[in-house]
There are 2 protein chains.
Amino acid sequence: MQDKFKQLRTYLGEVMDLAATAELLGWDQQTYMPPGSNEGRSMQLATLSRLTHEKFTSDELGSALEDLKSIVEELDPNSDDARLIAQVSKEFDKQRKVPNEYVAEFARITALTHQTWEKARQESDFSIFRADLEKIIAMRQEYANFFQPYDHIYDPLLDDFEAGMKTADVKKVFADLRPRQVALVNAIAESSYQVDDSVLHQEFDESTQWAFGEEVIKAFGYDFNRGRQDKSVHPFTSSFGNDDVRITTRVAPNYFNTALFGTLHEAGHGMYEQGIGKQLARTPISHGASFGFHESQSRMWENLVGRGKPFWIAFFPRLQEYFPEALRDVNLDDFYRAINKVERSLIRVEADETTYNLHIMVRFELEIALMTGELSAVNLPEAWNQKYEDYLGITPPDDAQGVLQDIHWSFGGFGYFSTYSLGNLISSMLWEVIQGDLPDLQSQFEKAEFGGLLEWLRANIYVHGAKYEPMELLKMVTGSALDADPYMRYLEAKFGEIYKL
Amino acid sequence: MQDKFKQLRTYLGEVMDLAATAELLGWDQQTYMPPGSNEGRSMQLATLSRLTHEKFTSDELGSALEDLKSIVEELDPNSDDARLIAQVSKEFDKQRKVPNEYVAEFARITALTHQTWEKARQESDFSIFRADLEKIIAMRQEYANFFQPYDHIYDPLLDDFEAGMKTADVKKVFADLRPRQVALVNAIAESSYQVDDSVLHQEFDESTQWAFGEEVIKAFGYDFNRGRQDKSVHPFTSSFGNDDVRITTRVAPNYFNTALFGTLHEAGHGMYEQGIGKQLARTPISHGASFGFHESQSRMWENLVGRGKPFWIAFFPRLQEYFPEALRDVNLDDFYRAINKVERSLIRVEADETTYNLHIMVRFELEIALMTGELSAVNLPEAWNQKYEDYLGITPPDDAQGVLQDIHWSFGGFGYFSTYSLGNLISSMLWEVIQGDLPDLQSQFEKAEFGGLLEWLRANIYVHGAKYEPMELLKMVTGSALDADPYMRYLEAKFGEIYKL
């Protein structure tokens, strides 16, 4: 029995080594890889993806899981072993439906389309990317169809990012959320009090920005002994095992928010991965519970902590030391309001907290339309611009600031976007629980102490990895099902105060 | 028939993808990997190495090769296809003798011992590294014994770096070379004319050094679209396919030679790999002919070009622009002599051309003694110091400057060192042929033109990859067998002039 578990762990360890290595190929592609080697890299990614998939869907693994099933029933169902077997079995059944050749081809194609997207974005010309996007859409439809019957063609895609969540569930939450967010944004727009954020649009030395961001996330508890930060076009986090979790960011020389909040966001992802229980290492459940849960952490550290007043009580004086010229004469309250300025803006990753979910809804609805075939790629830019007009009252002046701004579709990440909004909702649900458990939290932040928060998150969430389904974990920790109220309460309190509503 | 070839190429392509990915794990480990993740990385390297080896020694590949053998006999024996099959068959037979488990364990162990060596070197304490070195020695002995019967236990190790070369061959060449090199070094030491190199021991801004080195190798023809340069503790070159060939170097703030000549050396390796014929891509012969041939190229670009007068006629004025303070009042001839100063020094990678091979001979003899068991690891530092006294007349003051200076033993690279000296010999043999073919070469260098040389090397050597055995290729290009005379002629002419012998 112990032997069989040990064998399984060894086998899964090798699958995870392959997966981690494929992840390194991807990280390298976006950080240091020379531009001329994209073709070779796409072949390497295809081979590694196919081998990983082959090994994870082998008959050998199938019968090992089968052998263990009856024995597992005698274990505590919440033990690591029982959960590992259960989750791996579920994932095994799912991946068995996808042919090896599909996996290799999809990896090869998306490694190439990534470059096309980069070029299209650089030249702000969607037509460069269109044919590749069509290929990806067709391949994602093909993928969804491996899982027939389904309620909705988008369900299998969503399930890859948020296990157990259905398209109908997300639609329902968004339908509840949208009018309330729009009402808030409108009230802010109509407020007689408006925020001036010109202080953020000054010259900020790039390496000084970099150093400040790293100082902050060191204080948060991001572990540089088991991680690092590099530059990339689009910020992201990669985990090659919990002892090697790397983040990236980008730096704008004339706009303060880009680098810092990118760094805080990715550090949230990073601390989650670094905090996963060691006993889960080299298993398929040694990662966050879902993309939504992951975003709850990136957005918590970025926004609930990093865009909060207590944090800046600790760090604004320090920031003034980093940028004496630019910030000497700025006061804390003005700065706090500036970084929280509400704006109907074009770029998702730079959106404030009140408009952010509206950016997501645009993408969610367009993705679904592309998958069902109601919308074709050629009409995507127009549809994109129309939705921005409808939800945010603005129209992108070009493709780079519109439909080409996000990396996700270039790697085939259909189903990904809604998890950002789910993350926002989860983060506020958790936050209310945390405030109850740690009433002293805000005054800890004022002293630049974040250990209390990090320890709470590690003990209640990070350590579990993906042992539990996301909605199950949410229920365990908060006692509730997914609920938009806490997030709306948070937004209305915070922005009501800033905008004197 | 064509189908069978195509299938073989596809299969070998996947093996090469795995090998390239393992190479990336290694590159990353030495450049960007966070220190705390060495254990996980060692597992990944073990898995990738084992899978690569498994795939390269599979029955499937064996019977594919068998099937093709009879057909190959009808092909031109020098065609790419015939050569590919022949070389792959040879390597297949060799690797089949090594068990998968050995390969995985050796990769895992050497990933860990690398870190121990780094620590030992940093603290200049051999005792930290000793136990690990003993493990590696035992594993290399075990490895050699897979290939019994052999003439010498060191033969199988040597063969991995220099196919077809025997321990007895190298001993013979070294026996011829040593007295001639020692005589030259003695003559220089006794010369009444001595070189002052204090100009090199000044403060040189690190990023300016970096920029100058990159300007030079761009002029050489190293392709940054298919490569890049990073920092590492020990300079090295990695190839992940001919379209992604990366080099590293290190920078000393108070000594000019370290960074530049490291960069030129590695760029030589890099240009070789970048120049391999595209039709060989993703095959096991898509790399240099041997380590000796590789060193002939790194040492050619570093020394025959980069330490030559014509090169500095072009680049010294440029270097003065980079470092006006330090070099404004230095004249070209003094600088040229300074970078060629002969010195009985401790560090191999910084040794001048006349003493370099003596450093190699020390290592070659010690490696053999460790492998035969005549010498045990515990006595290695003492033996090292004694040989330095015998051959170079100096004694290392500590382990960091002695027995711990080189990375090679930490990754198990027994058999590697002698290829540096073989490379020196080959480089001069080639150089004499090139001078005959391109009589205008030196005056091209004076105009910073290196395209003629690079084209010659590409057409005659690089393009072939590992189609030919190294000694076969040498014969094809020079008409001769390995010969120490050209190298001695070169040294005696160059240093005779500098030291007015």
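Residues numbered from 1 in each chain as written. Chains lettered and ligands numbered in written order. Predicted model: local features only at pLDDT ≥ 70, side-chain atom pairs only at ≥ 80, totals over all residues. Heavy atoms only, no water.

## Notes on the pattern of salt bridges
Oppositely charged side chains can pair when the atoms bearing their charge come close. Rules: Salt bridges are defined by distance alone: a side-chain nitrogen of Lys or Arg within 4 Å of a carboxyl oxygen of Asp or Glu. Numbering of helices and strands starts at the N terminus; helices are DSSP runs of H or I of at least 4 residues and strands are runs of E of at least 2. Three labels apply to residues, based on accessible area from a 1.4 Å probe with only protein chains included: buried if under 20% of the type maximum, exposed if over 50%, partly exposed otherwise in between.
Using the criterion set out here, one finds 79 salt bridges over all chains in the structure. With a shortest N-O distance of 3.2 Å, A:Lys278 and A:Asp243 are connected by a salt bridge. Of the two residues, A:Lys278 sits in the loop between helix H10 (257–274) and helix H11 (291–305) while A:Asp243 sits in the loop between strand S2 (237–239) and strand S3 (245–249), which places them 35 residues apart along the sequence. Under the relative-accessibility criterion, A:Lys278 is labelled exposed at 62%. Connected through shared salt-bridge partners, A:Glu14, A:Lys55, B:Arg50 and B:Glu54 make up one network.

## Things to note about the interface of chain A and chain B
For clarity, the cut-off: Contact definition: two residues touch when any of their heavy atoms are within 4.5 Å. In this description, buried area is defined as the sum, over both parts, of the accessible area (probe of 1.4 Å) that is lost when the two are combined. Polar contact criterion, stated in full: a pair of N or O atoms within 3.5 Å, where within protein one must be able to donate a hydrogen and the other to accept it, and residues adjacent in sequence count only if both atoms are side-chain atoms. By the convention adopted, Pro, Cys, Tyr, Trp, Phe, Met, Ile, Leu, Val and Ala count as nonpolar, Lys, Arg, Asp and Glu as charged, and the other residues, Gly among them, as polar.
On the side of chain B, 33 residues touch chain A, which itself brings 33 residues to the contact. Buried surface at the junction of chain A and chain B, both sides included, amounts to about 2,700 Å², of which 58% is carbon and sulfur. Salt-bridge contacts for A:Arg41 lead to B:Asp244; the nearest nitrogen and oxygen are separated by 3.6 Å. For the pair chain A and chain B, the interface holds 14 residue pairs in polar contact (both at pLDDT 80 or more). Listing elements by their share of the side of chain A that touches chain B, those giving two or more residues are helix H1 (2–31) and helix H2 (38–56) of chain A. The dominant element in the side of chain A that touches chain B, judged by the number of residues it contributes, is H1(A), at 9 residues. The class makeup of the residues in the side of chain A that touches chain B is 14 nonpolar, 7 polar and 12 charged.

## Details of the domain arrangement of chain A
Residue and element names in this part refer to chain A. Short version of the rule: Domain ranges listed in this record stem from an automatic or a database domain assignment.
In terms of domain boundaries, chain A breaks down into domain 1 (2–149) and domain 2 (167–498). Each partner contributes residues to the interface: domain 1 has 41 residues there, and domain 2 has 46 residues. Buried area between domain 1 and domain 2, summed over both chains or domains, comes out near 3,800 Å², and the portion from carbon and sulfur atoms is 59%. The largest contributions to the domain 1 side of the interface with domain 2 come from Trp27, Arg121 and Phe126, which together make up 18% of the buried area. For the interface between domain 1 and domain 2, the tally reads 21 residue pairs in polar contact (both at pLDDT 80 or more). Counting residues per element, the ones that place at least two in the side of domain 1 that touches domain 2 are H1, helix H4 (80–96), helix H5 (100–123) and helix H6 (126–145). The element that contributes the greatest number of residues to the side of domain 1 that touches domain 2 is H1, accounting for 12 residues.

## Focus: the environment of B:Ala281
Residue and element names in this part refer to chain B. Take alanine 281: it is sitting in the loop between helix H10 (257–274) and helix H11 (291–305). With relative accessibility at 32%, the residue alanine 281 sits in the partly exposed group. Residues alanine 281 and arginine 9 lie 272 residues apart in sequence; the distance between their C-alpha atoms is 9.7 Å.

## Observations concerning the relation of the copies chain A and chain B
Spelled out, the test is: Only residues with pLDDT of at least 70 in both copies contribute their C-alpha atoms to the least-squares superposition of the copies.
Its rotation angle being 180 degrees, the transformation that places chain A on chain B also includes 0.0 Å of axial translation and leaves an RMSD of 0.0 Å. When the rotation and shift are considered jointly, the pair of chain copies conforms to a two-fold rotation axis. Among all residues of chain A, the minimum C-alpha distance to the rotation axis is found for A:Thr21, at 3.6 Å. Here 100% of the contact residues of chain A are again contact residues in chain B; the copies associate through an equivalent surface.

## A short note on the pairing of strand S3 (residues 245–249) of chain B
Residue and element names in this part refer to chain B. Threshold: At least two bridges found by DSSP between two strands is the condition for calling them paired.
Burial analysis of S3 places 5 of its 5 residues in the buried class, the great majority of the element. Burial along S3 is two-sided: the face carrying Val245, Ile247 and Thr249 and the face carrying Arg246 and Thr248 are both buried. Here strand S2 (residues 237–239) pairs with S3 via 3 bridges, running antiparallel. By the bridge assignment, serine 239 is partnered in S3 with valine 245. Counted along the chain from S2 to the antiparallel partner S3, the turn is 5 residues long, and its residue glycine 241 has a positive phi close to 110 degrees.

## With respect to the environment of A:Gly496
Residue and element names in this part refer to chain A. Tracing the chain through its elements places glycine 496 in helix H21 (residues 485–498). Once the C-alpha coordinates of glycine 496 and leucine 158 are considered, the two residues, 338 residues apart in sequence, prove to be 34 Å apart. Residue contacts for glycine 496: discarding those within four places in its chain leaves Leu491 and Leu501.

## Topic: the sheet that holds S2(B)
All names here are of chain B. Test applied: Axis definition: a line fitted to C-alpha atoms, over the contacting stretch in the case of helices. Angles run 0 to 180 degrees between N-to-C directions.
Taken in spatial order, the 3 strands line up as S1-S3-S2 in an open sheet, and their pairing is mixed. Whereas interior strands pair on both sides, the edge strands pair on one side only; in this sheet they are strand S1 (229–231) and S2. Taking the axes of each pair of neighbouring strands and ignoring which way they run, one obtains an average angle of 25 degrees across the sheet. Each of S1 and S3 is contacted by helix H9 (residues 206–220), which is oriented at about 150 degrees to S1, the strand it contacts most. Relative to the sheet, H10 contacts S1, S2 and S3, its axis offset from that of S3 by approximately 165 degrees.

## Details of the sheet that holds S3(A)
Strands pair in a sheet through their backbones, by hydrogen bonds, and they do so in one of two ways: parallel or antiparallel. Residues and elements named next belong to chain A. One open sheet holds the 3 strands; their spatial order is S1-S3-S2, and the pairing between them is mixed. Of all strands in the sheet, those with a lone pairing partner are strand S1 (229–231) and S2, marking the two edges. Between one strand and the next, the sheet's axes are offset by a mean angle of 25 degrees, whatever the strand orientation. As paired elements, S1 and S3 share 3 bridges and run parallel to each other. Considered in S3, the bridge of lysine 231 is made with threonine 249.

## Examining the side chain of A:His114
All names here are of chain A. One can find histidine 114 in helix H5. For histidine 114, a relative accessible area of 7% corresponds to the buried category. Leave out the neighbours within four places in its chain, and histidine 114 touches Gln30, Ile407 and Ser410.

## Some details on empty space enclosed by the protein
Residue and element names in this part refer to chain A. Where we set the bar: Residues are said to line a cavity or pocket when one of their atoms sits within 4 Å of a point; the points come from a 1 Å grid over protein atoms alone, cavities being sets where a 1.4 Å probe fits but cannot get out and pockets being open sets with protein on both sides within 12 Å along at least five of seven lines. Grid points are joined across faces, edges and corners, and a volume is the space filled by probe spheres set on the points.
Using the criterion set out here, one finds 1 cavity of 30 Å³ or more in the structure. When its volume is computed, the largest cavity comes out at roughly 30 Å³. Arg299, Asn303, Leu304, Glu353, Asn424, Ser427 and Tyr487 together form the lining of the largest cavity. Those elements giving two or more residues to the lining of the largest cavity turn out to be H11 and helix H17 (418–437). Residues of the lining of the largest cavity, tallied by class, amount to 2 nonpolar, 3 polar and 2 charged.

## Brief notes about the nonpolar core
Stated formally: What is meant by a nonpolar core is a set of buried Ala, Val, Leu, Ile, Met, Phe, Trp, Tyr and Cys residues, joined one to another through side-chain atoms within 4.5 Å.
A:Phe220, A:Phe256, A:Trp301, A:Trp312, A:Ile434, A:Leu453 and A:Ile461 are the most contacted members of the largest nonpolar core, which has 129 residues in total. Of the domains in this structure, domain 1 (2–149) and domain 2 (167–498) of chain A are the two that each give at least three residues to this core. The next biggest cluster of nonpolar side chains, apart from the first, holds 127 residues, and it includes B:Leu133, B:Ile217, B:Tyr255 and B:Leu453.

## Thoughts on the confidence of the model for chain A
Heads up, the condition is: Scored between 0 and 100, pLDDT is the confidence that the predictor attaches to each residue.
Per-residue confidence for chain A averages 96 on the pLDDT scale, and 100% of its residues sit at or above 70. Scored as a whole, the predicted complex attains pTM 0.93, and scored at its interfaces, ipTM 0.92.

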